[in-house]
Amino acid sequence: MRVLYNFDEVIDRRGTGSLKWHYSDDTIPLWVADMDFKAAPPILNAIEQAVQHGILGYTKPTDALYDAIIEWHGSRYELPLAKENILFSPGVVPSLALMMNVFTEVGDAVLVNDPIYAPFMSKVEQNGRTLITSSLQESEGKYHLDLADIEAKIIEHDVKLYLVCNPHNPGGRVWTADELNAVLDLCKKYDVAIVSDEIHQDLTLRGHTFTPFLTLAQGYEHKVVSLTSMTKTFNIAGIKGSLIFAKDVALIEKIDAQQHLNDEYELNMFAYAAMQSAYNEGGEWLAQLLAYIEDNIEFTLEFLADKLPKIKVMRPEASYLIWLDCSAYSQDDEQLYDILRAAKVELNAGIKYGEEGHLKMRINVACPRMLLEAGLARMVMAFERLGN
Ligand SMILES: Cc1ncc(COP(=O)(O)O)c(C=O)c1O
């Protein structure tokens with residue numbers, strides 16, 4: 001019998017240490033990429049079983065876990081993986097930082113797109129590399145890569161590494177195989193390594209196809225790494241845990257050696273248990289989650305078109321984050337953020353995602369509909385206060 005999961009259930013997260021719900025008042029948080037839904041029961045059961053067993057000793061990834069990872073990526077994305085292609089890492093952001101030492105030296109140029117999930121920029125700079133950005137171009141309501149600009153920047157700055165975000169956060173693009181092949185051709189031409197953050201892969205929405213970078217990288221596998229995780233997909237970010245995939249033996253050995261420098265190559269036993277059950281038994285929960293998210297996205301787009309028509313909305317192709325151009329309401333980034341906070345609804349300020357985020361806001365719609373409706377109503381109140 002098909003179990004129906006209840007994504008309408010509102011669960012009070014205040015006072016739990018939740019990053020998203022840290023407020024002492026009744027602010028509605030529609031910001032950080034964390035969903036207000038209970039984790040899939042198979043994952044909770046797997047963690048409970050580990051606790052019931054009672055011994056929480058040093059734990060290694062089992063063959064059953066590798067099989068679960070291999071099956072998920074093979075059957076969903078035609079990404080053929082073997083155990084030797086897989087490493088574990090405490091998080092995708094820690095892996096992004098690690099890749100600086102795998103592919104570059106201090107001072108080298110690293111390319112990212114603008115806008116981009118902020119750690120793409122901060123990890124480059126904190127590690128003493130030179131941050132180079134290539135702005136995405138907006139047309140027909142979505143972002144496009146500017147290949148001519150990317151090539152010019154690679155040549156001008158002698159770029160060594162390109163950090164790709166696919167699906168893209170915050171713009172929601174699922175880059176097509178053609179777009180990724182064009183990036184690959186450029187990187188091959190100038191010997192630039194590619195690290196593809198694919199953490200939003202499983203949240204690809206109806207009508208779009210996610211292409212893992214590694215499926216295109218034949219002949220260039222010594223320079224391509226992909227990073228992903230079950231934490232975003234299954235809303236278990238507090239568990240921590242992620243994966244690094246690479247197909248080239250020498251490259252995997254290099255990453256592994258780099259991880260061992262700080263002894264950061266293993267996860268805690270709950271992360272292993274959660275990952276295995278997510279990939280083996282989480283498919284049905286994910287299908288129902290995506291249906292709920294699609295409905296929330298439609299609802300939000302219709303609501304904004306009706307009540308705040310001057311906001312220019314970018315329809316996401318993946319995930320539950322929607323990129324909003326609010327420039328019709330204010331010319332001041334701080335004012336935009338503050339006016340929403342004053343109305344007790346929190347969104348991410350677009351400017352944190354680079355210069356292209358000027359006068360943009362990012363809204364997270366992965367919450368029970370009731371909360372979303374209340375948060376959107378507060379947005380209307382906030383913008384009405386601005387009076388234009
Ligand atoms: C593109 C992207 N990469 C990485 C992360 C975070 O990954 P982790 O929690 O595994 O460090 C996020 C979280 O929102 C993200 O959007």
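Scroll up a little and you will see the structure.
Residues numbered from 1 in each chain as written. Predicted model: local features only at pLDDT ≥ 70, side-chain atom pairs only at ≥ 80, totals over all residues. Heavy atoms only, no water.

**Some details on the sheet that holds strand 14 (residues 348–349)**
By definition, the strands of a sheet pair up through backbone hydrogen bonds, in either a parallel or an antiparallel sense. On the basis of which strands lie adjacent, the open sheet formed by 4 strands has the order 11-12-15-14 and antiparallel pairing. Two strands in the sheet have a free side with no partner beyond their single neighbour: strand 11 (312–314) and strand 14. Of the pairings in the sheet, the one linking strand 11 to strand 12 (residues 321–325) comprises 3 bridges and is antiparallel in character. Opposite Lys312, over in strand 12, you have Asp325 as the bridge partner. (Pairing = 2+ DSSP bridges. Helix = DSSP H or I, 4+ residues; strand = E, 2+ residues; numbered from the N terminus.)

**Some remarks on the site of the ligand**
Surrounding the ligand, one finds Ala33, Gly91, Val92, Val93, Pro94, Tyr117, Cys165, Asn169, Asp197, Ile199, His200 and Lys232. Here an oxygen atom of the ligand and a backbone polar atom of Val93 are 3.0 Å apart. Interatomic distance of 2.8 Å between a side-chain N/O atom of Lys232 and an oxygen atom of the ligand. For the ligand, whose accessible area on its own is 400 Å², the fraction buried by protein is 90%. Most atoms of the ligand, that is more than half of them, are within 2 Å of grid points of the largest pocket. Its residues assigned to classes, the shell around the ligand comprises 7 nonpolar, 3 polar and 2 charged. (Near = heavy atom within 4 Å. Polar contact = N/O pair within 3.5 Å; in protein donor to acceptor, adjacent residues only side chain to side chain. Areas by Shrake-Rupley, 256 points an atom, 1.4 Å probe, with all protein chains shown as cover. 1 Å grid on protein atoms, 1.4 Å probe; cavity = no way out; pocket = protein on both sides within 12 Å on 5 of 7 lines; lining within 4 Å. Sits in = over half its atoms within 2 Å of the grid points. Nonpolar A, V, L, I, M, F, W, Y, C, P; charged D, E, K, R; others polar.)

**Brief notes about helix 6 (residues 177–190)**
With 14 residues, helix 6 extends 20 Å between its outermost C-alpha atoms, agreeing within 8% with the 20 Å of an ideal straight helix rising 1.5 Å per residue. Restricting attention to buried positions, one finds in helix 6 the residues Glu179, Leu180, Val183, Leu184, Leu186 and Cys187. Buried residues of helix 6 fall within an arc of 165° about the axis and therefore sit on the same side. Exposed side chains of helix 6 directed beyond 90 degrees from the buried face belong to Asp178 and Lys189. Lining the buried residues of helix 6 we find strand 6 (142–144), helix 5 (147–157), strand 7 (159–165) and strand 8 (193–197). Positive backbone phi, approximately 60°, marks Asp191, located one or two places after helix 6. (Expected span 1.5 Å × (residues − 1). Buried < 20%, exposed > 50% of the residue type's maximum accessible area, 1.4 Å probe, protein only. Arc of directions from axis to C-beta. Contact = heavy atoms within 4.5 Å.)

**Points about the sheet that holds strand 2 (residues 86–89)**
Strand order in the open sheet made by the 7 strands is 2-10-9-8-7-3-4, with mixed pairing throughout. One side of each edge strand has no neighbouring strand; the edge strands of this open sheet are strand 2 and strand 4 (130–135). Adjacent strand axes in the sheet meet at a mean angle of 25°, parallel and antiparallel pairs treated alike. The sheet contact formed by strand 3 (residues 109–114) and strand 7 spans 3 bridges and is parallel. When the bridges of strand 7 are listed, Val110 appears paired with Leu161. (Axes fitted to C-alpha atoms, helices over the stretch in contact; angles between N-to-C directions.)

In short, the description is geometric, and any link to function would need to be established separately.
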